[in-house]
Amino acid sequence: MSALLRPIDLKQHREVVRPEWADYNNHLNDAFYLVIFSHATDAMMDQIGLDAAERERTKHSLFTAELHLNYLKEVKVGTEVRVETTFLGHDAKRLHIFHTMYRADEAEPVATNEQMQLSMDMTGPRVAPFQPDVLSRIEAITAEHAKRDKQVQMGRAIGMPPKKG
């Protein structure tokens, strides 16, 4: 297993918007926001002890059970984006995360993605408790993130605004 990092070391995911991800307006196509968030989830998995080698060795992985995606601002082709991941909570078998996407080093979010991840025993496959070392890492990161002033828009539902008058 790769050396475990201190909780503060949960790294941001960065990548550049590719031309093949563009829509007809030369903006990042809506589907590819989720591709970038998926890449950020993969990077997070590596950092909690679920990298490819550990998934093969332990036969454990994560599955996405649910997600919500919010588009806040346009992103153009060639733009570098970064994704910051916050752990909102967990139990023995689930991890609740929130990704926030930004343009390069800007402070204004361009998109958010809330996810519920399930710990999976791939020999089933079936939902199973996290492996002890992975759970320990998740606990440490969640505790660190709980100390921060979070301004996330989690738990949003889709719906029409109420009609006025």
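Residues numbered from 1 in each chain as written. Predicted model: local features only at pLDDT ≥ 70, side-chain atom pairs only at ≥ 80, totals over all residues. Heavy atoms only, no water.

Regarding the overall build of the protein chain
For clarity, the cut-off: Elements are defined by DSSP. Helices are runs of H or I of four residues or more, strands are runs of E of two residues or more, and each kind is numbered from the N terminus. Each residue is assigned to one of three classes by its accessible area relative to the maximum for its type, calculated with a 1.4 Å probe on protein chains only: buried under 20%, partly exposed between the two thresholds, exposed over 50%. By the convention used here, residues are in contact when the closest approach between their heavy atoms is within 4.5 Å. In short, Shrake-Rupley with a 1.4 Å probe defines the accessible areas, and a residue's cover is counted only from the protein chains shown.
Across its full length, the protein chain holds 3 helices and 6 strands. Listing each helix as α and each strand as β along the protein chain from the N terminus yields β-α-α-β-β-β-β-β-α. Counting every position in the protein chain, which comprises 165 residues, the buried fraction comes to 38%. Considering only contacts in the protein chain between residues 6 or more positions apart, those separated by 24 or more positions represent 67%. Total accessible area on the protein chain is roughly 9,400 Å²; 52% of this is exposed by carbon and sulfur atoms.

Concerning the pattern of salt bridges
This is how it is decided: Salt bridges are defined by distance alone: a side-chain nitrogen of Lys or Arg within 4 Å of a carboxyl oxygen of Asp or Glu.
Tallying each qualifying case throughout the model produces 10 salt bridges. The partner of Arg14 in a salt bridge is Asp105, with the nearest N and O atoms 2.6 Å apart. One end of the pair, Arg14, is in strand β1 (residues 13-16); the other, Asp105, is in the loop between β4 (94-103) and β5 (109-121), and 91 residues separate them in sequence. For Glu56, the salt bridge goes to Lys59, with nearest N and O atoms at 2.9 Å. We classify Glu56 as exposed; its relative accessible area is 54%. Through salt bridges with shared partners, one network takes in Arg14, Glu80 and Asp105.

Quick word on the packing of aromatic side chains
Applicable threshold: Note on aromatic contacts: the rings of Phe and Tyr and the six-membered ring of Trp form a pair at centre separations within 6.5 Å, being stacked when their planes are under 30 degrees apart, edge-to-face when over 60 apart, and tilted otherwise.
Applying the stated criterion to the full structure yields 2 aromatic pairs. On the basis of an interplanar angle of 15° and a centroid distance of 5.5 Å, the ring pair of Trp21 and Phe32 is categorised as stacked. Of this pair, Trp21 sits in the loop between β1 and α1 (30-47) while Phe32 sits in helix α1; the two residues are 11 residues apart in sequence, bridging distant segments of the chain. A residue is classified by how much of its surface remains accessible, and Trp21, at 4% relative accessible area, is buried.

Quick notes on the side chain of His27
Looking at the element boundaries, His27 is found in the loop between β1 and α1. In contact with His27, other than residues within four places in its own chain, are Trp21, Ala22, Glu74, Val75 and Lys76.

Observations regarding α1
In plain terms, the rule: Helix span is expected to be 1.5 Å times the residue number reduced by one. In the analysis that follows, any N or O atom pair within 3.5 Å is treated as a polar contact, provided that within protein one partner can donate a hydrogen and the other can accept it, and provided that, for residues neighboring in sequence, both atoms belong to side chains.
Relative to the 26 Å expected for 18 residues at 1.5 Å per residue, α1 spans 27 Å between its end C-alpha atoms, a close match to the ideal helical length. At the N-terminal boundary of α1, the capping side chain belongs to Asn29, with an oxygen 2.9 Å from the backbone nitrogen of Ala31. Just downstream of α1, Gly49 is the residue with a positive phi angle, here 95°.

A word on empty space enclosed by the protein
The rolling of a water-molecule-sized probe over the atoms marks out the regions of remaining empty space. Put simply, the rule is: Put simply, the grid is 1 Å and covers the protein atoms alone, a cavity is a trapped set of points that fit a 1.4 Å probe, a pocket is an open set with protein on both sides within 12 Å along at least five of seven lines, and lining residues have an atom within 4 Å of a point. Grid points are joined across faces, edges and corners, and a volume is the space filled by probe spheres set on the points. In this classification, the charged set is Asp, Glu, Lys and Arg, the nonpolar set is Ala, Val, Leu, Ile, Met, Phe, Trp, Tyr, Cys and Pro, and all remaining amino acids, among them Gly, are polar.
In total, this model carries 2 cavities of 30 Å³ or more according to the counting rule given. Taken as a whole, the largest cavity holds about 40 Å³ of empty space. Considering the residues around the largest cavity, the lining is formed by Leu10, Lys11, Gln12, His13, Ala40, Ala43, Met44, Gln47, Val83 and Thr85. At the level of elements, α1 and β3 (80-90) are the ones that each hand at least two residues to the lining of the largest cavity. At 4 residues, α1 tops the list of elements feeding residues into the lining of the largest cavity. Across the lining of the largest cavity, the residue classes break down as 5 nonpolar, 4 polar and 1 charged. Considered as a void within the structure, the second largest cavity measures approximately 30 Å³ in volume.

A short note on the confidence of the model for the protein chain
Put simply, the rule is: Per-residue confidence from the predictor is given as pLDDT, running between 0 and 100.
Averaged over the protein chain, the pLDDT score is 89; the fraction of residues at 70 or greater is 87%. Least confident of the elements in the protein chain is helix α3 (residues 132-146), whose mean pLDDT is 93; most confident is strand β6 (residues 126-127), at 98. In the model, residues 1-8 has pLDDT below 50 throughout and makes 16 contacts with residues more than four positions away in sequence or in other chains.

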